[in-house]
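Chain residues, written in single-letter form:
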Amino acid sequence: GKFMTQTPGSSHVRMAIDIAISLALVSLVMVWCLQILRPFASVIIWAAVISISLYKPFLLLRGYLGGRQKLAVALFAALGLATVLVPAWLFVGSVVETGAQFSANLESGEFHIAPPNESVKDWPVVGEKVFVQWSEAAENFSGWLEDNNQTVKAVTTALFSKLAGVGVGVLQFVISILIAAAMLANAEGIAAGMRRPFNRLMGDKADEMLTLTVSTVRSVTVGVLGIAFIQAVLGGLGMVVVGVPAAGVWALFILILAIAQLPPLLVLLPAIIYVFSIESGTTATLFAIWSIAVSFSDAVLKPLLLGRGVEAPMLVILLGAIGGMIMSGIVGLFVGAVVLAIGYTLMEAWLRSGETEAVDDQEESLSAEG
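Let me sum up the structure you'll find in this document.

## Description of the overall build of the chain
From N to C terminus, the chain includes 14 helices and 0 strands. The secondary structure elements of the chain, listed N-terminal to C-terminal, are α-α-α-α-α-α-α-α-α-α-α-α-α-α. Classification of the 370 residues of the chain by burial places 34% in the buried group. Contacts in the chain between residues at least 24 apart in sequence constitute 69% of all its contacts with a sequence separation of at least 6. Summed over all atoms, the accessible surface of the chain reaches about 22400 Å², with 69% contributed by carbon and sulfur.

## Some details on the nonpolar core
If you look at the biggest cluster of nonpolar residues, it comprises 66 residues, and the most contacted ones within it are Trp46, Leu225, Met239, Leu255, Ile259, Ile317 and Val338. Ranked by residues supplied to this core, first place goes to helix α14 (residues 314-369) with 14 residues. Those residues in contact with Val338, other than ones at most four positions away along the chain, are Trp46, Val49, Val217, Val220, Thr221 and Leu225.

## Let's talk about the packing of helix α11 (residues 265-278) against helix α12 (residues 281-295)
Two elements in contact, α11 and α12, have axes whose closest approach is 9 Å; the angle formed by their N-to-C orientations is 175°. Viewed along their axes, α11 and α12 adopt a mutual orientation that is roughly antiparallel. Along the contact surface, α11 presents Leu265, Leu268, Ala271, Ile272, Val275 and Phe276, while α12 presents Gly281, Ala284, Thr285, Phe287, Ala288, Ser291, Ile292, Val294 and Ser295. Along the lines of polarity and charge, the residues of the contact of α11 with α12 split into 11 nonpolar, 4 polar and no charged.

## Quick notes on the environment of Ala47
Mapped onto the elements, Ala47 comes out in helix α2 (residues 41-53). By relative accessible area, which is 0% here, Ala47 ends up buried. As for Ala47 and Leu184, which are separated by 137 residues in sequence, their C-alpha atoms are 9.9 Å apart. If we ignore the near neighbours within four places in the chain, the residues touching Ala47 are Ser176, Ile179, Ala180 and Met183.

Rules and cut-offs
- Residues numbered from 1 in each chain as written.
- Predicted model: local features only at pLDDT ≥ 70, side-chain atom pairs only at ≥ 80, totals over all residues.
- Heavy atoms only, no water.
- Helix = DSSP H or I, 4+ residues; strand = E, 2+ residues; numbered from the N terminus.
- Buried < 20%, exposed > 50% of the residue type's maximum accessible area, 1.4 Å probe, protein only.
- Contact = heavy atoms within 4.5 Å.
- Areas by Shrake-Rupley, 256 points an atom, 1.4 Å probe, with all protein chains shown as cover.
- Core = buried A, V, L, I, M, F, W, Y, C linked by side-chain atoms within 4.5 Å.
- Axes fitted to C-alpha atoms, helices over the stretch in contact; angles between N-to-C directions.
- Parallel < 35°, antiparallel > 145°, perpendicular 65-115°, else oblique.
- Nonpolar A, V, L, I, M, F, W, Y, C, P; charged D, E, K, R; others polar.

Honestly, that's just the spatial picture; any functional story needs more than this.
So this is what it looks like as structure tokens:
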């Protein structure tokens, strides 16, 4: 009989085994779900970021439309799609048009390059080499193309691969905007659902951390990414108007630089030099003025768009943007910056709260001893 009786030790072992099996099954299901959602993760996260960032403007739009929710959601989706598709159509269209015109002229033998100005020699570091290569191409382009066949092929392949990546990125943005519109249509329910995991994980600090997360999303999205997007669009439009080749690719470089808080002039200055080499003085001067204004427009945009400073350091945002872009392409550029900023801000708040609690406990023990 004593062998059939369950001892306290054996009941504890059985309980531990039951807990371990339950945790293993829950973990397996969670990992499986995450694996299924991984291809869509960046799109869904970016949709959530858009809906959080634009929730207050959406409420204003809904109020302006007399509280008609469906109409406000439809108008939000239309404006969002236009914001993405119009610049994409302009930039990618300009690159495709330039490539098609180049191919047609090359096949017909009508392709000619204007010879460079003598001022090209004065360009720092690369001036002499660029002048020699440009002059050779202007005199006999077919011969120059044969001599530099491998280089031209490599550059062309890289350019079209970038264009393909931009196309996928645009599609991801379109899907994100549609998902964001659906989230805004059910914003109250989603907000209540978000509070539940925060309450479960963080207890009394759930509301504080949730508020901090939302404020970080809005400050990074509007104060960094929004301004960078505006600068990239304005700089790209200027390059499209004056006929800079592959304006969409250069606009993407402007976007990356602006997210890193570096001046877009680093990209626009070579474009200015190029335009001065091929266009009249008036056109080139106007483009130079426009480019300088775009590069320094953040000084005006930040006070208008950003109510307070961004919590995360710019290095964190830059690393998040670059890492996100490597992982998920164009959308990852935005998602990575926001997610890493959120992680940094929450970690800092958690560490700070731990230090505060430690100081409070120390003060209580000292007062008790006293």
